[in-house]
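Per-entry structural report
What follows is the residue order along each chain.
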Amino acid sequence: MIKPKVKIYIDGANIFYAQKEMGWSLDWLKIKEYLAKHYAITEIRYYQGIKEDDANIARYLKYLDHLGVTVITKPLKVIKISDRHPMKQLHNYTEIYKCNFDVEITADMIFDRTNIDEYILFSGDSDFDYVVKRLRDVGKRFTVYSSKKVLSWELKLAVNRYEFLEKYQENFAK
């Protein structure tokens, strides 16, 4: 049997929050090995915002590189929160760090469309709903892996298949 050619896209920020919600961490080597049994993986891309001089994230990105994962990074933005902002009143933050890769992931998916049979997306972000629908219109298949706690209903309805990470805890957990 010929395995479908896939490219895997990992929304680092979304998956970070999914792991926090689930209370356990993903082991990307286990995930890569599991998916390789079912697919011909052409590339795994991990999109991650980084803080300057963050030794923990530097180690994590080195680990991903060691696994053969293509890491795409950009600096986190610092957003100052005014005293009148609702976020400040809810969480007592004076600043938050933010980084969004939705445009980069979307563009990469569009550019990669001729080289693969199926997309695998690790994210639950509803912002991917539009690109998923458009690429499905030209015959591409999508599978999403996400926590049931962060998977948006829009994305859930747009993809061919979705899988809850919780179902795979035994196979995917560190």
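Everything here concerns the structure above.
Residues numbered from 1 in each chain as written. Predicted model: local features only at pLDDT ≥ 70, side-chain atom pairs only at ≥ 80, totals over all residues. Heavy atoms only, no water.

In this section: the layout of surface pockets. The space that makes up the largest pocket amounts to roughly 930 Å³. Lining the largest pocket are 29 residues, and of these Gly12, Ala13, Phe16, Tyr17 and Gln48 lie nearest its centre. When residues of the lining of the largest pocket are traced back to their parent elements, those giving at least two are α1 (12–22), β2 (40–50), α3 (55–66) and β5 (95–98). A breakdown of the residues in the lining of the largest pocket according to their chemical character gives 14 nonpolar, seven polar and eight charged. (1 Å grid on protein atoms, 1.4 Å probe; cavity = no way out; pocket = protein on both sides within 12 Å on 5 of 7 lines; lining within 4 Å. Points joined across faces, edges and corners; volume = space filled by probe spheres on them. Helix = DSSP H or I, 4+ residues; strand = E, 2+ residues; numbered from the N terminus. Nonpolar A, V, L, I, M, F, W, Y, C, P; charged D, E, K, R; others polar.)

To continue, consider the side chain of aspartate 102. With respect to the secondary-structure elements, aspartate 102 resides in helix α5 (residues 102–111). Residue class for aspartate 102 comes out buried when judged on its relative accessible area of 10%. Residues contacting aspartate 102, with those up to four places away along its chain left out, are Asp11, Asp125, Asp127 and Phe128. (Buried < 20%, exposed > 50% of the residue type's maximum accessible area, 1.4 Å probe, protein only. Contact = heavy atoms within 4.5 Å.)

Okay, the pattern of salt bridges next. Scanning the model with the defined rule gives eight salt bridges in all. Across the salt bridge formed by arginine 45 and glutamate 43, the nearest N and O atoms sit 3.2 Å from each other. Residues arginine 45 and glutamate 43 agree in their burial class; the two are buried. What you see here is one network of salt bridges that share partners, running through Lys7, Glu43, Arg45, Asp108 and Asp112. (Salt bridge = Lys/Arg side-chain N within 4 Å of Asp/Glu carboxyl O.)

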